[in-house]
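An overview of the molecular structure
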Amino acid sequence: MVGLHLIIGRAGTGKTYKCLENIRQEIRRDPLGKPLILCVPEQSTHQMELSLVHNSESQGILRAQVLSFQRLGWRVFAETGGGLEPLIGDIGKRMILRRLLLKYRQELRVFARTATKPGMADLLARTIGELKTYQIDAQDLLIDHEDHRLKEKVHELAFLYEEFNRSIPPNMRDRDEELDLVAERIPASPSLQGAKIWLDGFKGFTPQEISIIESLLTTASEVTITLTLEPKVITGKRGGTFRPGEEIFWDSYQTYQTLVKMAQNHNLPIKIDYLTELKRFQHPALEHLEKYYTLYPTQVYSGDLQKDTDEDGLGIKLLAGANKRAEVEAVACTIRRLVREKGKRWRDIVVVTRDLAGYEDYLEQIFKTYEIPYFLDHKPPIKNHPLLELLNSLIEL
């Protein structure tokens, strides 16, 4: 029996593949056994379900489920109760905070000027939501600061935070506290008793998610977690020391220490698999880029350029477009060529941008023109949705 199973390796070493193969092996061994749960970020659930069933040897996935933390919470509430209380949505929280700002405007000093400004309630709602995500309550904010102005600001924030919690009706709950409640009720969930859990695709975990993992460790038979981390940082004589360029793994190393300490506190066995062979990259140049991208001074590629270069170059191309439209058109042309001439499939191609909002209109227009099926990974705003327009019109009447 393994309590905590860690799979550690750099990007492209096969961590996700190993998780999927372990699940498939469990299904083949016992198709009707205890539940197998693969927990991934919300936006990855559909893709991981497809990856899990994309295997001709699989006889179905009755045991396996692909969930996010939120969907795992819904499953726990469905089994243990407590999921029927209405949630306070974003608009409700902003209404409460807006009322508090107006009510205590005369007593506030730092927030007095901005109490009635547009966006202040929204900013406070996001701040309080983040505080709850990191399990920081109002009392934690009441600490002394040398900066008097900062002390006043933090104390007023703590005051509004506490008043906000008091304003929530007892028969309702805040969505930002939902994961805390999930962690408390996991031990009472029948489907998680003796289940096997895999967590993959996470850059790190918030304190709320760490609490859920701790509950899973004491409830499930095994919890497997993948971490994108250089194995040499842990193994050998280095003992947590980072070489230049490896600072990018610091957060993952902190997560590793937290998980190991958590398992030790519960006297649970720990198994660690280190993956060192890079399997993702077809071009050696891409492997070199993954390994040395963050290193300074720059590490020059030492491979054989003539041998490693094909019609697509070294696997890396830098293109300069006159504007965003030209960039997207070049991407669309390349995608069409890869599908038509290289036998690639649409689902094999991903377009990544730091500013999706700035490229969204161009992507929609040009991809439709080039007949490229696509999915935009974002939540569209509802401010111009017909239903919202109808509700606003009814209020005006």
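Computed from a predicted structure; not experimentally measured.

Considering the packing of helix 4 (residues 90–103) against helix 7 (residues 148–167)
Closest axis-to-axis distance for the helix 4/helix 7 pair is 10 Å, and the angle between their directions is 125 degrees. If you check the angle between helix 4 and helix 7, you find them oblique. Classified by chirality, the crossing of helix 7 by helix 4 is right-handed. Facing helix 4, whose interface residues are Lys93, Ile96, Leu97, Arg99, Leu100 and Leu101, helix 7 presents Leu160, Glu163, Phe164 and Ser167. Residues of the contact of helix 4 with helix 7, tallied by class, amount to six nonpolar, one polar and three charged.

Remarks on the pairing of strand 1 (residues 4–9)
On a regular strand, one side chain projects to one face of the sheet and the next to the other, so that they alternate. Extensive coverage of strand 1 is indicated by the burial of six of its six residues. Bridge count for strand 1 against strand 7 (residues 222–228) is six bridges, and the pairing is parallel. By the bridge assignment, Ile8 is partnered in strand 7 with Leu227. As paired elements, strand 1 and strand 8 (residues 270–275) share six bridges and run parallel to each other.

Considering the pattern of salt bridges
Summed over all chains, the structure comprises 22 salt bridges. Note that Glu21 and Arg24 form a salt bridge whose closest N and O atoms lie 2.8 Å from each other. Placement of the pair is Glu21 and Arg24 together in helix 1 (residues 15–29), with a separation of three residues, close to one helical turn. Judged on exposure class, the residue Glu21 and its partner Arg24 are both buried. Arg340 is paired through a salt bridge with Glu341; the nearest N and O atoms lie 3.8 Å apart. Exposure class is identical for Arg340 and Glu341. Each is exposed. It is possible to trace a salt-bridge network through shared partners that takes in Asp90, Lys93, Lys132, Asp174, Asp176 and Glu177.

Some details on the nonpolar core
Within the largest apolar cluster, 41 residues are counted, with the highest numbers of intra-cluster contacts made by Ile197, Leu199, Ile212, Ile213, Ile225, Tyr256 and Leu259. Among the elements that take part in this core, helix 10 (residues 250–265) stands out by supplying six residues, more than any other. When neighbours within four sequence positions are excluded, Leu199 is seen to be in contact with Cys39, Phe69, Phe205, Ile213, Val223, Thr224, Ile225 and Thr226. Judged by nonpolar contacts, the second largest core, of 25 residues, contains Ile96, Leu101, Ala115 and Leu157.

Digging into helix 5 (residues 120–133)
The end-to-end C-alpha separation of helix 5 is 20 Å, in line with the 20 Å expected for 14 residues at 1.5 Å each. Every buried residue of helix 5 is listed here: Met120, Ala121, Leu124, Ala125, Ile128, Gly129, Leu131 and Lys132. The buried residues of helix 5 all sit within an arc of 165 degrees when viewed along its axis, so they share a single face. Looking at the buried positions of helix 5, the neighbouring elements they touch are helix 4, helix 6 (138–141), helix 7, strand 5 (173–174), helix 8 (178–185) and helix 9 (207–219). Two residues or fewer past helix 5, Gln135 is found with a positive phi of approximately 55 degrees.

Quick look at the packing of aromatic side chains
Scanning the model with the defined rule gives seven aromatic pairs in all. Ring geometry for Tyr104 versus Phe159: centroids 4.9 Å apart, planes at 85 degrees, classification edge-to-face. In this pair, Tyr104 is assigned in the loop between helix 4 and helix 5 and Phe159 in helix 7, connecting sequence segments 55 residues apart. You can call Tyr104 buried: its relative accessible area is 12%. Chaining the aromatic ring pairs together yields one cluster made of Phe69, Phe202 and Phe205. Directly above the ring of Phe77 sits Arg173, whose terminal nitrogen or CZ lies 4.7 Å from the centroid. Directly above the ring of Tyr359 sits Lys324, whose terminal nitrogen or CZ lies 5.1 Å from the centroid.

Procedures and definitions
Residues numbered from 1 in each chain as written. Predicted model: local features only at pLDDT ≥ 70, side-chain atom pairs only at ≥ 80, totals over all residues. Heavy atoms only, no water. Axes fitted to C-alpha atoms, helices over the stretch in contact; angles between N-to-C directions. Helix = DSSP H or I, 4+ residues; strand = E, 2+ residues; numbered from the N terminus. Parallel < 35°, antiparallel > 145°, perpendicular 65-115°, else oblique. Left-handed = near helix turned anticlockwise from the far one by under 90°. Contact = heavy atoms within 4.5 Å. Nonpolar A, V, L, I, M, F, W, Y, C, P; charged D, E, K, R; others polar. Buried < 20%, exposed > 50% of the residue type's maximum accessible area, 1.4 Å probe, protein only. Pairing = 2+ DSSP bridges. Salt bridge = Lys/Arg side-chain N within 4 Å of Asp/Glu carboxyl O. Core = buried A, V, L, I, M, F, W, Y, C linked by side-chain atoms within 4.5 Å. Expected span 1.5 Å × (residues − 1). Arc of directions from axis to C-beta. Phe/Tyr/Trp six-rings, centres within 6.5 Å; stacked < 30°, edge-to-face > 60°. Lys NZ or Arg CZ within 6 Å of the ring centre and 35° of its normal.

That's the geometry; what it means functionally is another story.
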